[in-house]
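Residues per chain, in single letters:
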Amino acid sequence: MGRRRRRVDREAAVGPLPEAIATLSRTLPAGPSPEIFRRAKFDRPEAAPALWRLLFHVLSLLSANGASASAAQEAQVRMVKSELRSQGYPRRALAQLPEDGSQGSRELLLALAWLLARGPLLERLLAQTRVPLGDEIPLFEGVSLVPLECDALARPSPSAPHVEADGPMDIRHLQWLMGKLLFQWRKLITSQQEQCALLGKIHTYTRGCHSDRSLGHLSVAETELLRDAEGGQQLLRRLERENARLEAALQWRCRELVFWRWMDTVLGTCPPEASHPTFLPRIPERGTGELELVARELQALQEELRGAVESRRAAWEARVGGWGPEWNAVQWASWEAVGHELAALQQAWEPGGAAAQPHGPCRLVKSDAGASRGPGLRAAQVIGVLRSREACLEAVLCQLQRQCRQELAKLAGALPGLIWILPSGH
Amino acid sequence: DPRAGRERGGREHGAGPPGVLSRRCTPPRLVAELRDALDACAERQRQLDRSLRVSRRLLRTWEPAETPAPQPTPGPETSEEAPSPECTPSSQELKELELLTQALEKAVRVRKGISKAGERHRALSPKSGSTATSASTASAPSRASGQAGCRVSETKPPRGIQQNVVPARGLPECRLLSAGDRTRVGRGAGVTKPGPGLGDQQTPPSAGLRAPEAFTLKEKGTLLQLPMAYRKAASRNSRLWAQLSSTPTGDSVDAATAAKTQFLQKMRMTAGGPSSGLSAAEVDAEVGPLRKACSLLRQRMEEALSAAPADGVQEFHRLLTLEGLQAITEQCLHRLQELRAAVVGQQPGPCPEGRRPRASLPCGGGTAPLWSPQLLLYSSTQELQTLAALKLRVAMLDQQIHLEKVLMAELLPLVRAQEPQGPHWLALCRAAHSLLCEGGQRFPTILRDEPAN
């Protein structure tokens, strides 16, 4: 066994490196030619532009906020640098590269390898660019509509300049924006309802048309492919390209070992960087604003809980004084029940907790009510999860609004001679 | 455009007191936040509009120019056409299409006359294969073989018997035509799969189509068949995704994993940058669950506090729950402290409890990667609509909560800082109340109760 492995290793070390690199390049979106990688090892400047482009492409796909591919060279370089830094890329040399993108091919190769080594990069890239064949309900989980969550509070107001250019604004502008937002949401809801109705029709009308029995009916993309043959051809070509990339990704899994050996030698050619622990100031952390917000909320919660528990505990101790031994059994049962309940509660936020929540795009399949067999999530399940999430969020929002109401009432209450009539509905 | 905004705002929320409002700058961050939210919504709307357009077009009558050209039949007299081989339409075929369409127009003209005579003299090839399955489910008015193509005798045979009958639900009338008239959906030879065994059955088609331009999904959707090339590519695609999702195992995989770990370590050791501290992306991944925890804990606390315990056991249960919540909150705070220290980067190699190696991935969530798409089964349009509406609702609430927090952080200090009384302050207060407490949808009324001197 050991001997076999050694033999395999030796073989791997000689021949298949170009093959491994070629596989990698086929898997990457718009991957450069394998020759670029080889030149990058020697830090050849002619390999730099292609690698900057590649990293820009990869990172903008990963961050999924759609940085335009047409961004100017300098902007691309800056984006690559800052994105890598925010992900914790350790090498300082990269940050010091000139912004015209003319140099740094070896550093870029190292950065790419770093991204590859850390996680399922290729899989994520493939998933990100997947050719959509089925119908989906878009998951806009937070990210797209809540601007990067933590980003919001700590960001050094990137849009401040253009706001200032608009001149001073009053609160009515805010109200107008808020009204516009509400209106947009309503429009979205109406459109989505219509879209669902249309999907239902298309699925019903094409029942039994799919060659895949588990799907049964056609999706919009598939029906459209039949209606518009030219578009269908394009879809087919894209699908075939994706298949080629998927195959390459699977091959890469078998071939990557030799690549990592090679990368080790690439890293070996770099002189170690002088240690400057304070040199790279960590970005004014995007996350810290959100962190402080959560901290404040948790502290407030803790205060409230402390108050609620203290008084109740005291009252309880006074009351329970003379209860008999049978009470012990009841106590145990309560302990256990509460333990279970709270463990379940904790599950809900621990990663991997919400099992029924789909975490990727799901292909919508209309199935008859009776057919509950087969793989796949049931809509009813997901609806259940979403309802509890909705209830939870509503409670949070109400609590926040209540807090504001109290605060404002306190401020306004100081004024004599004013009567506040709150809108009905409370 | 802020100016337009102000004007429109004035109209829409005309209930506000007239006159000048706070001249203070609206906090720029707040405006930026709202604009971001609006942009996100608009982008989503654009996507939705695009798919609506496509879906609507599919449900209308398919335009003859871009649709299902039926099988080329020069005239009604041509009895059988050779089934075209399954292949993808080449560009040449596409070119030929134009000619075919012209021929078809002529064919249609001729047929109009013939169909009146109810002529039917050819056996028709039924479609087999995947369509057959649909035949059993569809309530197709199929006719017994040999029966003349007469629309009057629409006896319904038991379902599922005539597997080969092409279902044609909703066809207004049986418009039985000639053999060449079998519906061929899709353009070009590759798009439809010709039914094998042409002519070996005596089953007349129930879905003979007279006019190719009259294709609607509602009436003839079940006749559609995906082109072979697509079917092959799609099934290969799903196989490959499934393979990609399966966790690879084996010696070489283990060795590669070890090599990657080693590479990362070596890189960290030779790098001059800060080696400790969490990256922003890692903080993101950590803060998310804590925020969720906080809101769930609060919700549970409020449930517990609002319940009215009926007896001692329930009272005890509630007390235990509250104490348990307190303990969990404590843990969360502890984790948060660690995270905070890690962000500052002072603490060497801090590792918050339960930190997963995957925390470094911005996608977060921590769920096992499942790359192949899942199926989401729904049973009715209504259910789908409920699901979609809930999804939107949750996304909207997420956004509202986020905006509420930003508003609180920015507006409340503004209200506090202003000199009370005065019309400005009142107007600001009223607007803030509406934004903060009513989601911007309603306003409080303020009455000045002047004492009569």
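Located above this text is the structure these notes cover.
Cut-offs used in this document
Residues numbered from 1 in each chain as written. Chains lettered and ligands numbered in written order. Predicted model: local features only at pLDDT ≥ 70, side-chain atom pairs only at ≥ 80, totals over all residues. Heavy atoms only, no water. Helix = DSSP H or I, 4+ residues; strand = E, 2+ residues; numbered from the N terminus. Buried < 20%, exposed > 50% of the residue type's maximum accessible area, 1.4 Å probe, protein only. Phe/Tyr/Trp six-rings, centres within 6.5 Å; stacked < 30°, edge-to-face > 60°. Lys NZ or Arg CZ within 6 Å of the ring centre and 35° of its normal. Contact = heavy atoms within 4.5 Å.

Enquirer: I'm lost on unusual backbone geometry in this one. Help?
Expert: A negative phi holds for most residues other than glycine; trans holds for most peptide bonds. All names here are of chain A. Not every positive phi belongs to a glycine, and Ala30 is a case in point at roughly 50°. Looking at the secondary structure, you find Ala30 in the loop between α2 (17-27) and α3 (34-41). Take Ala30: its relative accessible area is 66%, and that puts it in the exposed class. For Asp43, which is not a glycine, the phi torsion comes out positive at approximately 55°. Of note, Asp43 is situated in the loop between α3 and α4 (48-63). Among the residues examined, Asp43 registers a relative accessible area of 33% and is labelled partly exposed.

Enquirer: What should I look at first to understand the packing of aromatic side chains in this one?
Expert: Any aromatic ring pair is given by two values, namely how distant the centres are and how the planes are angled relative to each other. Applying the stated criterion to the full structure yields six aromatic pairs over all chains. Between Phe259 of chain A and Trp260 of chain A the ring centres are 5.2 Å apart and the planes differ by 80°, which places this aromatic pair in the edge-to-face class. For the pair formed by Phe259 of chain A and Trp260 of chain A, the shared burial category is buried. When the centroid spacing of 5.3 Å and the interplanar angle of 25° are considered together, the rings of Trp316 of chain A and Phe316 of chain B count as stacked. Here Trp316 of chain A is found in helix α14 (residues 286-320), whereas its partner Phe316 of chain B is found in helix α9 (residues 312-344) on a different chain. Residue classification places Trp316 of chain A among the buried positions, given a relative accessible area of 4%. By relative accessible area, Phe316 of chain B is classed as buried at 2%. An aromatic cluster of at least three residues, connected via ring pairs, comprises Trp252, Phe259, Trp260 and Trp262 of chain A together with Phe263 of chain B. The lysine or arginine in question, Arg118 of chain A, covers the ring of Trp114 of chain A, its NZ or CZ lying 4.1 Å from the ring centre.

Enquirer: Looking at this structure, how should I read the side chain of Glu256 of chain A?
Expert: Mapping Glu256 of chain A onto the fold places it in helix α13 (residues 229-268). Those residues within four positions of Glu256 of chain A in sequence are excluded, and the remaining contacts are Ala256 and Lys260 of chain B.

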